[in-house]
Amino acid sequence: MPIDPSLPYDDNNIFARILRGEIPSKKVWEDDYAFAFHDIRPQAPVHVLVIPKGAYVSWDDFTLKASDAEIAGFTRAIGTVTRLLELDTPGYRLMVNMGGHGHQEVPHLHVHIFGGRQFLHMICD
Ligand code: 5GP
């Protein structure tokens, strides 16, 4: 079920628990602003999620409330992770699902990185 992005941040959402180390994850990268880990149900040969360290429900929440330093740090971390995964030369796809129409399921902002194969034209189903 998609989330209701107007609800306040839930400290017990699954990604908050991953950030606190209460639930295991396959970590790819971490710095002051971001944590990256493999998606539990990969949709591509490489499927990594990058989440901000701060408590932001969604892309909308993040772009409204995060500081310039957090936005810069998070954006730069995504680039660091894609290069670490050696996706920069073959290329990759980024995706953010936001709210109900976006079918966002976890109420902590996450950017999907897909890579490791040729993608076709974008399909929105
Ligand atoms: P959304 O639809 O919210 O954009 O995507 C949520 C993503 O989180 C899905 O791709 C799903 O497989 C992934 N996910 C959900 N629960 C877990 C978990 O406990 N661990 C990891 N690594 N990924 C999860």
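Look above for the structure.
Residues numbered from 1 in each chain as written. Predicted model: local features only at pLDDT ≥ 70, side-chain atom pairs only at ≥ 80, totals over all residues. Heavy atoms only, no water.

Draft legend 1. Region of the structure containing the overall build of the chain. When you go through the chain residue by residue, the secondary structure sums to three helices and five strands. Reading the chain from its N end, one meets helices and strands in the order α-β-β-β-α-α-β-β. Against the compact-globule benchmark of 14 Å for 125 residues, the chain has a radius of gyration of 14 Å, which places it among compact chains. With the C-alpha coordinates aligned to their principal axes, the bounding extent of the chain is approximately 40 × 35 × 30 Å. Out of the 125 residues belonging to the chain, those deemed buried represent 37%. Counting contacts in the chain only where the partners sit at least 6 residues apart, residues at least 24 apart contribute 58% of the total. Carbon and sulfur atoms form 54% of the exposed surface of the chain, whose accessible area is close to 7800 Å². Charged side chains in the chain number 11 positive and 16 negative. The centres of these two groups are separated by 6 Å. (Helix = DSSP H or I, 4+ residues; strand = E, 2+ residues; numbered from the N terminus. Rg over C-alpha atoms; globule rule 2.2 N^0.38 Å. Buried < 20%, exposed > 50% of the residue type's maximum accessible area, 1.4 Å probe, protein only. Contact = heavy atoms within 4.5 Å. Areas by Shrake-Rupley, 256 points an atom, 1.4 Å probe, with all protein chains shown as cover. Lys, Arg positive; Asp, Glu negative; His and termini not counted. Charge placed at Lys NZ, Arg CZ, Asp CG, Glu CD.)

Draft legend 2. Local environment of the environment of Ala44. In this structure, Ala44 sits in the loop between strand S2 (34–38) and strand S3 (46–52). Ala44 sits in the buried class, given a relative accessible area of 10%. Taking the C-alpha atoms as reference, Ala44 lies 27 Å from Asp32; in sequence the two are twelve residues apart. The contact partners of Ala44, leaving out residues within four places of it in the chain, are Phe114, Gly115 and Phe119.

Draft legend 3. Geometry of unusual backbone geometry. Backbone geometry at Glu86 places phi at a positive 60 degrees, although glycine is not the residue there. Position of Glu86 relative to the elements: it lies in the loop between helix H3 (68–84) and strand S4 (93–95). A positive phi angle, near 55 degrees, is found at His103, a position not held by glycine.

Draft legend 4. Fine view of the site of the ligand. Residues in contact with the ligand amount to 17 residues; listed here are only the nearest, Asp39, Asn97, Glu105, His110 and His112. Between the ligand and Asn97 there is a distance of 2.8 Å, counted from an oxygen atom to a side-chain nitrogen or oxygen. One of the backbone N or O atoms of Val106 is found 3.2 Å from an oxygen atom in the ligand. Relative to its unbound accessible area of 520 Å², the ligand is 87% covered by the protein chains. Placement of the ligand is best described as lying within the largest pocket. (Near = heavy atom within 4 Å. Polar contact = N/O pair within 3.5 Å; in protein donor to acceptor, adjacent residues only side chain to side chain. 1 Å grid on protein atoms, 1.4 Å probe; cavity = no way out; pocket = protein on both sides within 12 Å on 5 of 7 lines; lining within 4 Å. Sits in = over half its atoms within 2 Å of the grid points.)

Draft legend 5. Representation of the layout of surface pockets in the model. For the largest pocket, the calculated volume is near 1300 Å³. Together, 37 residues line the largest pocket, and Gln43, His47, Met95, His112 and Phe114 are the ones closest to its centre. Of all the elements in the fold, those that place two or more residues in the lining of the largest pocket are helix H1 (14–19), S2, S3, S4 and strand S5 (111–115). (Points joined across faces, edges and corners; volume = space filled by probe spheres on them.)

Draft legend 6. Broad picture of the nonpolar core. Core analysis: the biggest nonpolar cluster contains 17 residues, and Val48, Val50, Phe74 and Ile113 have the highest contact counts within it. Of all the secondary-structure elements, those providing two or more residues to this core are S2, S3, H3 and S5. Per-element tally for this core: the top contributor is H3, with four residues. Apart from the residues lying within four places of it in its own chain, the contact partners of Phe74 are Tyr33, Ala34, Val50, Ile51, Pro52, Phe62, Leu109 and Val111. Phe15, Phe35, Leu49 and Val106 belong to the second-largest nonpolar core, a separate cluster that totals seven residues. (Core = buried A, V, L, I, M, F, W, Y, C linked by side-chain atoms within 4.5 Å.)

Draft legend 7. Up close: the pairing of strand S1 (residues 27–30). Where S1 and S2 come together, three bridges link them in antiparallel fashion. For Trp29, the partnering residue across the bridge sits in S2 and is Ala36. Taking the residues that link successive antiparallel strands as the turn, the S1-S2 hairpin has three residues. (Pairing = 2+ DSSP bridges.)

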